[in-house]
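Read off the chains here:
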Amino acid sequence: PDRRCRWEVNKKKPNSPAVTLSLCRKEISGEELISVDVVPALEVQSWPLAVRNGPDVDNWLGKKLRQEIKSLPCYFVPKRQKGRKLGEDAKESWRISFSHIEKKIIKSHGNKKTCCETRDTKCCRKQCLMLLKSLIEGLKQCFPKDLEDLCSYHGKTAFLHTLSARFDDSSWAPQQLPACFLHLVGALQDHAERGFLPHFFVPECNLFATSVFPRKARVFLVNVLEEQKREGLPLLKPPALLPPLTPTTVGAEVNAGELSETSHPLISSECLKFILVFVLVVGLGFNFLCF
C-alpha cells in the first residue's frame, strides 16, 4: 500500500494450488502484516463429462436450482497429486473446483425458499458446519501426524450429503442444534468407518479411498470421533476460567474499636488513637502560632 511495505512471494508447497503472498514491513526486519492465498484457475463453461449431470439435489433444493447450478462455469485448479514417485502427467494434474457453487448451495440451503429469511424461519445448518470445521481443526492440531490427510473439505462433503438426505427444514430447527450437530458428526464417522465418502459433484471420486486416505488414519478418525462424542466434545468447550477470589468481610454489628490487633492487618486501635491525638495537637499548635 505504501513505500514502507513490500509484497513477498512465499515458497510454494508442492501439493497446494495456492500461492501465498505476504505483506511485510521494510524497516522492522520483514514483519508480516497480512498474508493472502492466491489460487490461479481456469474457468470452464462446459462441465466435464464425469460431473455433467450435476449434484443430486432434486429432493432437497429442487430441479430448477439444479439446472441453474449446471449453467454456471466450473474451474480447473492446478494441484499436484500426493506421492513421491509420480509420473510427469501426475505432476501436472488439475483439480475440478466447485467452491463458488458450494457457496451458492449453502446460501440456498433450505428445502423451502423462505428458510433463514426472517427470525421465525431460522435453521441451524450453517452453525453445524461451523462447529464441524472447528472440530476438525481441533483434531488436526491435537493429532497432526495421525490425521495429516484429514481436511475441512471432508467435513463439508459429509455436510452436503447430510443436507441432501435430511432435507426437511423442520429437521434443522435452531433448538435442535445439539442433536443436529451430533447427527452430522455421526455421519462423518460413518463415512470414515465404511471408507466411502463420495465427492458431492463427482460421485466416482471417493475421498476416503485407501490411495488418498490410509486405512490406519480412517480407523484413528473413527475412534477419536467416538471419544469426542462420549466425552461431550471437549475440543469445542471454551477453556475453564480461573476461580473468583473470595473476599473477607466483617460483620456490620462489630464496632471498629472491638477489633483486636490481630484482626486488623494494617493498623491497631492503639495506633489509631495515637494518630488522632497527634493530629489534634499539631492542629492546635498551628492555630496558636497563626494567632
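Residues numbered from 1 in each chain as written. Predicted model: local features only at pLDDT ≥ 70, side-chain atom pairs only at ≥ 80, totals over all residues. Heavy atoms only, no water.

Scanning the protein for helices and strands turns up 8 helices and 6 strands. N-terminal to C-terminal, the α/β element order of the protein is β-β-β-β-α-β-α-β-α-α-α-α-α-α. Looking at the protein as a whole, 30% of its 291 residues are labelled buried. Long-range contacts, defined here as pairs at least 24 residues apart, represent 56% of the contacts in the protein between residues at least 6 apart. When the accessible area of the protein is evaluated, it comes to approximately 20000 Å², of which 58% is carbon and sulfur surface. (Helix = DSSP H or I, 4+ residues; strand = E, 2+ residues; numbered from the N terminus. Buried < 20%, exposed > 50% of the residue type's maximum accessible area, 1.4 Å probe, protein only. Contact = heavy atoms within 4.5 Å. Areas by Shrake-Rupley, 256 points an atom, 1.4 Å probe, with all protein chains shown as cover.)

Before going further, it helps to examine unusual backbone geometry. Even without a glycine there, the phi angle at cysteine 116 is positive, about 65 degrees. Relative to the elements of secondary structure, cysteine 116 occurs in the loop between helix H3 (99–107) and helix H4 (125–142). A positive phi angle, close to 55 degrees, is found at leucine 233, a residue other than glycine. Structurally, leucine 233 is set in the loop between helix H7 (215–230) and helix H8 (269–290).

Moving on, we get to the packing of aromatic side chains. Applying the stated criterion across every chain, the model contains 5 aromatic pairs. A centroid spacing of 5.2 Å and a plane angle of 65 degrees characterise the contact between tryptophan 47 and phenylalanine 98, whose relative ring orientation is edge-to-face. Of this pair, tryptophan 47 sits in the loop between strand E4 (42–44) and helix H1 (63–70) while phenylalanine 98 sits in the loop between strand E6 (94–97) and H3, and the two are 51 residues apart along the sequence. Comparing tryptophan 47 with phenylalanine 98, the two get one shared label, buried. Consider the rings of phenylalanine 200 and phenylalanine 201, whose centres lie 5.6 Å apart with planes at 85 degrees: the pair is edge-to-face. Among the residues examined, phenylalanine 201 registers a relative accessible area of 2% and is labelled buried. Following the ring pairs from residue to residue traces out a cluster consisting of Trp47, Phe98, Phe200 and Phe201. Positioned above the aromatic ring of tryptophan 172, the side-chain terminus of arginine 166 is 5.0 Å from the ring centre. (Phe/Tyr/Trp six-rings, centres within 6.5 Å; stacked < 30°, edge-to-face > 60°. Lys NZ or Arg CZ within 6 Å of the ring centre and 35° of its normal.)

On to the sheet that holds strand E3 (residues 32–38), then. Strand order across the open sheet formed by 3 strands is E1-E2-E3, with antiparallel pairing between neighbours. Either end of the sheet is taken by a strand with one partner, and the two such strands are strand E1 (5–9) and E3. Pairwise comparison of adjacent strand axes, ignoring direction, gives a mean angle of 20 degrees for this sheet. Inspection of the sheet shows strand E2 (residues 19–25) paired to E3 by 6 bridges, in the antiparallel sense. Opposite cysteine 24, over in E3, you have glutamate 32 as the bridge partner. (Pairing = 2+ DSSP bridges. Axes fitted to C-alpha atoms, helices over the stretch in contact; angles between N-to-C directions.)

What follows covers H7. The terminal C-alpha atoms of H7, which comprises 16 residues, lie 23 Å apart, in line with the 22 Å expected from a rise of 1.5 Å per residue. By the burial criterion, the buried members of H7 are Ala217, Arg218, Leu221, Val222, Val224, Leu225 and Gln228. Looking one or two places after H7, you find glycine 232, whose phi comes out positive at around 80 degrees. (Expected span 1.5 Å × (residues − 1).)

Once that is clear, we can look at the sheet that holds strand E5 (residues 74–78). If you walk across this open sheet you meet the 3 strands as E4-E5-E6, and the pairing is antiparallel. On the outer flanks of this sheet lie E4 and E6, each paired with one strand and no other. When the angles between neighbouring strand axes are averaged without regard to direction, this sheet yields 30 degrees. Across 4 bridges, the pairing between E5 and E6 is antiparallel. Looking at E6, one finds that proline 78 is bridged to tryptophan 94.

In terms of nonpolar packing, the biggest core is built from 47 residues, with Trp60, Phe98, Ile105 and Leu221 touching the most fellow members. For this core, the secondary-structure elements that each account for two or more residues are H1, H3, H4, helix H5 (152–165), helix H6 (177–194) and H7. When near neighbours in sequence (up to four residues on either side) are disregarded, tryptophan 60 contacts Ile105, His109, Gly110, Asn111, Leu160, Leu163, Ser164, Phe167 and Phe200. (Core = buried A, V, L, I, M, F, W, Y, C linked by side-chain atoms within 4.5 Å.)

It helps to recall that an α-helix has 3.6 residues per turn; residues three or four apart then point in one direction. The terminal C-alpha atoms of H4, which comprises 18 residues, lie 26 Å apart, in line with the 26 Å expected from a rise of 1.5 Å per residue. Buried residues of H4: Arg125, Cys128, Leu129, Leu132, Leu135, Ile136, Gly138 and Leu139, and no others.

Next up on the list: the environment of proline 73. With respect to the secondary-structure elements, proline 73 resides in the loop between H1 and E5. Once the C-alpha coordinates of proline 73 and serine 97 are considered, the two residues, 24 residues apart in sequence, prove to be 10.0 Å apart.

Let us look at the pairing of E5. Note that E4 and E5 share 3 bridges and pair antiparallel. Note on E5: the bridge partner recorded for valine 44 is cysteine 74.

The subject of this paragraph is the state of the cysteines. Enumeration according to the criterion identifies 0 disulfides in this entry. Summary of cysteine pairing: cysteine 180 is not part of a disulfide, and the nearest cysteine sulfur, belonging to cysteine 124, is at 3.8 Å. (Disulfide = S-S within 2.5 Å.)

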